[in-house]
Amino acid sequence: MMIKALSIAIMAVFMLSACTSTTQQPDDGTFRPTIFRIPKSATNKIQFRQLDTINEIRGVGGLPLLQLSEQLNAAAKTHSIDMANQQRPWHFGSDGSSPIDRVARTGYTGRMLGENISETYENDTETLQAWMNDPDARASILDPAARYLGFAWFQESNGKIWWTQLTGS
């Protein structure tokens, strides 16, 4: 029964992402992606949408709900900017730092449990959908020990978005 309920919640996430168009057909008939632009004023909205969606999925599975952490958000933001500067999505900083190092630098006193990253033109909902389809990213999001979430991004002028999501105990 719990697996069925979790599957329904995940399907709801996928259906929500379908409501946001990421492509358009110009008049000349060519296919081009629509650039999802994130205004600075949308930070709280996007972070809470991510938190609410994850908590809906975790709640259906009987897992503890998460809270946003300012420190984890800061570590996620720093890493998103650093990945953009390096022009590669990976878990190590340009200074050789690991996710654990970056989280510790913010003063976070809990344990860093997982980091999900993405380099994409997709919006936050589509990115979460992709993470839920990846077994390792999904395990991080659904870690029963997780209590806190950090979520941030950096968007380049060409529209590319560097997403970072952290979970912690």
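The following paragraphs examine the structure supplied in this document. (Residues numbered from 1 in each chain as written. Predicted model: local features only at pLDDT ≥ 70, side-chain atom pairs only at ≥ 80, totals over all residues. Heavy atoms only, no water.)

## Here we look at the sheet that holds strand β3 (residues 67–68)
For step 1, the next point in the chain: Ordered by their spatial adjacency, 4 strands build an open sheet running β3-β5-β6-β4, and the pairing between neighbours is mixed. Edge strands, defined here as strands with exactly one partner in the open sheet, are β3 and β4 (112–120).
For step 2, the next point in the chain: Sheet strands in contact with helix α2 (residues 43–60) are β3, β5 (148–155) and β6 (161–168), and its direction is about 135° off that of β5. (Pairing = 2+ DSSP bridges. Helix = DSSP H or I, 4+ residues; strand = E, 2+ residues; numbered from the N terminus. Contact = heavy atoms within 4.5 Å. Axes fitted to C-alpha atoms, helices over the stretch in contact; angles between N-to-C directions.)

## Focus on the packing of aromatic side chains
For step 1, the next point in the chain: Here the structure, examined in full by the defined rule, presents 6 aromatic pairs.
For step 2, the next point in the chain: Consider the rings of tyrosine 108 and tyrosine 148, whose centres lie 6.3 Å apart with planes at 80°: the pair is edge-to-face. Note that tyrosine 108 is positioned in the loop between α4 (99–105) and β4 and tyrosine 148 in strand β5, a separation of 40 residues in sequence.
For step 3, the next point in the chain: Using a relative accessible area of 10% as the deciding quantity, one classes tyrosine 108 as buried.
For step 4, the next point in the chain: Residue classification places tyrosine 148 among the partly exposed positions, given a relative accessible area of 29%.
For step 5, the next point in the chain: These aromatic residues form a ring-pair network of at least three members: Trp131, Phe151, Trp153 and Trp163. (Phe/Tyr/Trp six-rings, centres within 6.5 Å; stacked < 30°, edge-to-face > 60°. Buried < 20%, exposed > 50% of the residue type's maximum accessible area, 1.4 Å probe, protein only.)

## Topic: the pairing of β4
The side chains of a regular strand alternate between both faces of the sheet.
For step 1, the next point in the chain: Of all 9 residues that make up β4, 7 are buried, and the element is covered over most of its length.
For step 2, the next point in the chain: Alignment of β4 against β6, held across 8 bridges, turns out to be antiparallel. Along β6, the bridge assignment pairs glycine 114 with threonine 167.

## Some points on the nonpolar core
For step 1, the next point in the chain: Residues Ile38, Ile46, Trp131, Ile141, Trp153 and Trp163 are the most contacted members of the largest nonpolar core, which totals 20 residues.
For step 2, the next point in the chain: If you list the elements that add at least two residues to this core, you get α2, α5 (124–133), α6 (135–141), β5 and β6.
For step 3, the next point in the chain: Element by element, the count of residues in this core is highest for α2, at 4 residues.
For step 4, the next point in the chain: Those residues within four positions of tryptophan 131 in sequence are excluded, and the remaining contacts are Gln50, Asn116, Ile117, Ser118, Ala137, Arg138, Ile141, Phe151, Trp163 and Gln165.
For step 5, the next point in the chain: Among the nonpolar cores identified, the runner-up in size contains 8 residues, and Ala75, Met112, Ala152 and Leu166 belong to it. (Core = buried A, V, L, I, M, F, W, Y, C linked by side-chain atoms within 4.5 Å.)

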